Each structure stands twice: as C-alpha cells, then as structure tokens.
Amino acid sequence: MAKHPDVAIIGGGIIGLTCAYFLAKAGLSVEVFDRGDFGKEASWAGAGIIPPGNPAAAATPIDRLRAIGSMRYPGFSEELRELTGIDNGYLRCGGIEFLDAEEAADVLPLWENEGIAFEKLSRGALRSFEPALAEVAGEPYLLPGCGQVRNPRHLQALVVACEKVGVTLRPNLRIETWRRCPDLNNPAIELLSAGTTHQADRYLLTAGAWSELFLNSFGRPAGIHPVRGQIVLLKTPTRIVTRVLMLGKRYLVPRLDGHVLIGSTEEPEAFFEKANTAEAVAELIGLAVRTVPALASAELVKCWSGLRPGSPDGLPFIGRVPGWDNLFVATGHFRAGVQLSVGTAQAITELLTGKPTCVPLEAFAVDRQPHSGSKSAFRS
Ligand SMILES: Cc1cc2nc3c(=O)[nH]c(=O)nc-3n(C[C@H](O)[C@H](O)[C@H](O)COP(=O)(O)OP(=O)(O)OC[C@H]3O[C@@H](n4cnc5c(N)ncnc54)[C@H](O)[C@@H]3O)c2cc1C
C-alpha cells in the first residue's frame, strides 16, 4: 500500500462501507474511519426494504439509482455470502402497497413507465395472498419484485467483505475536523482526530446525519439534518404475514422467522436524540394490530430508533464537493440509503476511476437548487 491510501472515507455506515468495498475491488487502496463500531447508526436501524426497479426505464436519476440497487441486490448478496459466509437475509418476498386515489394517480404511471410488475388486487385476492390482514384503507397493489434485507447481517457482511478485499478499517476513531496542508501539494488537506493527522489522495464524506458539520467547514453547507425514525419489533411463533406491507410512510416488514418490524416515524424535531417515545411506540403497535389483528398477542421484542440523514429535498448528495479537487461526498440518503447504497457505490467508484457514471450526478450535486415537487416511484 502507498504511504497514504488512495481514498479515506469518513463514516462507516452502509454508504461508506459499500463505497469502500466497490472502490477496493476497483483496485484503489481505501481506509474507512468511524467514530464508533461500523454500521451501528441509521444503517443498523433501518427496515431494509428494497423496492423493485428497472434501471433501463427509470424516469429520474433517483429512481434509476434505486432501480440499480433493486437489480443488483440479489447478486451482491450472493457475492457477499460467498466471500464472507454471512447471509444478509436478502429475500424477494414481494410487497403490497396501499394507495389512495391521489397517490395512485402519482405513482402508477411511474411504475408503468419503468416496467415495474404490479397488480391491483381485489379484496378477495388480497385475502388469499395475506389471510391475516384486516380491512386496510386504500387500494392494495401487489409488487412481486419488492425485497428486503436484514440490515445488521448485511452490515456485518460488508465489514468482513471490506477486510477481505484489503480495506483498512479504523473503528472508534472520530474525525474531528480537517485542515489544509499548505506545504504539501498532494494531499492538499488532512483529517484530524485526537491529535493525529490522516492523509489520503482523496476523501469521501459518508458521515450520514453528521455530514453537515464537515460540509459547513468545507464552505459548502447543504442542509443535511437528522430525521429520527422509530421502529418496533414484534415476534410471532410462526410467520403470519409474508409480504412487506406499505401504508404511506408506515410499513410492516415480516421476516422469515416470525419477527415483524413496524416502522417508522419521521421526527426531525428530535434532532440528534436517539430514543423511543411512548406515543410513537403506541402508535406503531396500534397500526400493526389494526392491520394484522393477530399481532395483538405477538411478543414485543424491542424498539429502537435511528437518525436518517435528511436533505432539503429528500435526495442524496453524491459527487465532488465544488471548489475541491479531492473531496467527494455521498450522503443525505434519507429514507432510502439501504436500497440506494449499491447504486451510490457504483456511481462513486465510476467517478473516482474516471468512468462515465451510471446516473447523471448533476441531480445530486452539493450546490444544486433543492428539487421541488419531484415525484419518486416509492415512499419507503
Ligand atoms: C427507522 C429507519 C428505517 C429505515 N428503513 C429503510 C428502508 O427500509 N430502506 C432503505 O433503503 N433505507 C431505510 N432507512 C434509511 C437508511 O437506513 C439510511 O438512509 C442509511 O442508513 C444512511 O446510511 P449512511 O451510511 O449515510 O449513514 P449512517 O448509517 O448513519 O452512517 C454514518 C456513519 O458515520 C459515522 N460518523 C459520523 N460522524 C463521524 C466522524 N466525525 N468521524 C467518523 N465517523 C463518523 C457514524 O458513526 C456512522 O456509523 C431507514 C432509516 C431509519 C432510521
């Protein structure tokens, strides 16, 4: 390895680790810093829904990025399993999305244009697909291509995969700030942590909800902010629901072993406070029991919360930090960092190896005007 790595990555959540793995596989030397254990923040907390997609026909860059993830997750999961022996639990379980008339008018044309398989279900068909369901508001649409992954297992696999392809992992090392190195041509900046400096040819910021601190200090505030999401985990002795149930911004994600995740709130007002509140937990349990009455007797296993990296328009920032040759960013993935992680890592790797990117990165530029009213094919 060179005296300093080709790329230093600040933040080892799903975005930082997936980028590290892809970059290392492309032949770059990579070092990843995390102030704690890897993958224990938003990426651990997420529900792991992977909506369907078709990159060739996706209408917008964000839909394309999501569709790349949808297409590549099965193969990527298999690759991780072969390399690490860890099964991330990826499952194309299908999903049912409940839409009111206005929502259907927004998203159905997007699904049709993208060639996403879906079917409007009659109440009878819904009952035969998911007999445990009660009456749910909205029309049910079956999405056979919807998948899920078990986040903690996926993160664990990513950590081991990174080690196997030679990524240097530095847990429990908080990058406090950075400074210019006027006496050095390359690198032009260095990172500082607990009195130590760290240099690399290029830097990639993937610090999730904590990214704004760095963007501010680079003179490029972007409006990244934490948006707390709470989740409740229930367990039944056997699986009583098989598909992901999407109800607006709430959802039920049934695992194969009888666990059911109920999510999730959106609480920007909680700022950086990770906690569960009685009100939110009661609301989520109420939703679960109204949707699947048999869950009333399920075991309440635990609840947790995570801090999503929100952005002013809900879209991520991916690309070079304007005004800096060797600073790059991949952050602000809000509700969709798990499904967008593969496309993001692909795009970052293409950018850093001088190849055309799989999506036009202008849509994700740090200095863009926030997109207003852009519609995405999925809400979860
Ligand atoms: C409740 C909930 C449900 C979700 N459900 C889904 C879903 O179903 N599907 C989906 O696609 N997405 C989902 N998401 C969104 C997804 O989890 C996030 O978009 C994604 O995890 C963001 O990944 P990240 O790597 O950017 O951030 P994080 O996972 O937060 O990682 C950032 C890392 O940076 C580190 N860090 C911060 N500051 C520093 C520093 N100064 N020095 C060193 N390291 C630092 C942190 O320790 C952390 O490990 C959900 C999120 C939540 C909270």
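Look a little higher up for the structure.
## Details of the sheet that holds strand β11 (residues 196–198)
Working definition: the strands of a sheet are paired by backbone hydrogen bonds and lie parallel or antiparallel to each other.
Part 1: Ordered in space as β9-β10-β11, the 3 strands form an open sheet in which the pairing is antiparallel. At either margin of the open sheet sits one strand with a lone partner, and together these are β9 (177–180) and β11. Taking the axes of each pair of neighbouring strands and ignoring which way they run, one obtains an average angle of 35° across the sheet.
Part 2: Here β9 runs beside strand β10 (residues 189–193); their pairing, made up of 4 bridges, is antiparallel. Looking at β10, one finds that Thr177 is bridged to Leu192.

## Quick word on unusual backbone geometry
Part 1: Not every positive phi belongs to a glycine, and Ala194 is a case in point at roughly 40°.
Part 2: You can call Ala194 exposed: its relative accessible area is 66%.
Part 3: One non-glycine residue, Phe271, lies in the positive phi region at around 55°.
Part 4: The residue Phe271 is located in the loop between β16 (259–263) and α8 (278–291) in this model.

## Examining the site of the ligand
Part 1: Neighbouring the ligand are 38 residues, the closest being Asp34, Ser43, Ile175, Phe334 and Gln339.
Part 2: Between a nitrogen atom of the ligand and a main-chain N or O atom of Arg35, the distance comes to 3.1 Å.
Part 3: The backbone of Gln339 places a nitrogen or oxygen atom 2.8 Å from an oxygen atom of the ligand.
Part 4: Protein chains bury 99% of the 1,000 Å² of accessible surface belonging to the ligand in isolation.
Part 5: Put simply, the parts of the chain that give the shell around the ligand at least two residues each are α1 (14–25), α2 (42–45), β13 (225–235), β17 (299–310) and α9 (337–352).
Part 6: Considered class by class, the residues forming the shell around the ligand number 18 nonpolar, 14 polar and 6 charged.

Rules and cut-offs
- Residues numbered from 1 in each chain as written.
- Predicted model: local features only at pLDDT ≥ 70, side-chain atom pairs only at ≥ 80, totals over all residues.
- Heavy atoms only, no water.
- Pairing = 2+ DSSP bridges.
- Helix = DSSP H or I, 4+ residues; strand = E, 2+ residues; numbered from the N terminus.
- Axes fitted to C-alpha atoms, helices over the stretch in contact; angles between N-to-C directions.
- Buried < 20%, exposed > 50% of the residue type's maximum accessible area, 1.4 Å probe, protein only.
- Near = heavy atom within 4 Å.
- Polar contact = N/O pair within 3.5 Å; in protein donor to acceptor, adjacent residues only side chain to side chain.
- Areas by Shrake-Rupley, 256 points an atom, 1.4 Å probe, with all protein chains shown as cover.
- Nonpolar A, V, L, I, M, F, W, Y, C, P; charged D, E, K, R; others polar.

Read these as geometric descriptors, not functional statements.
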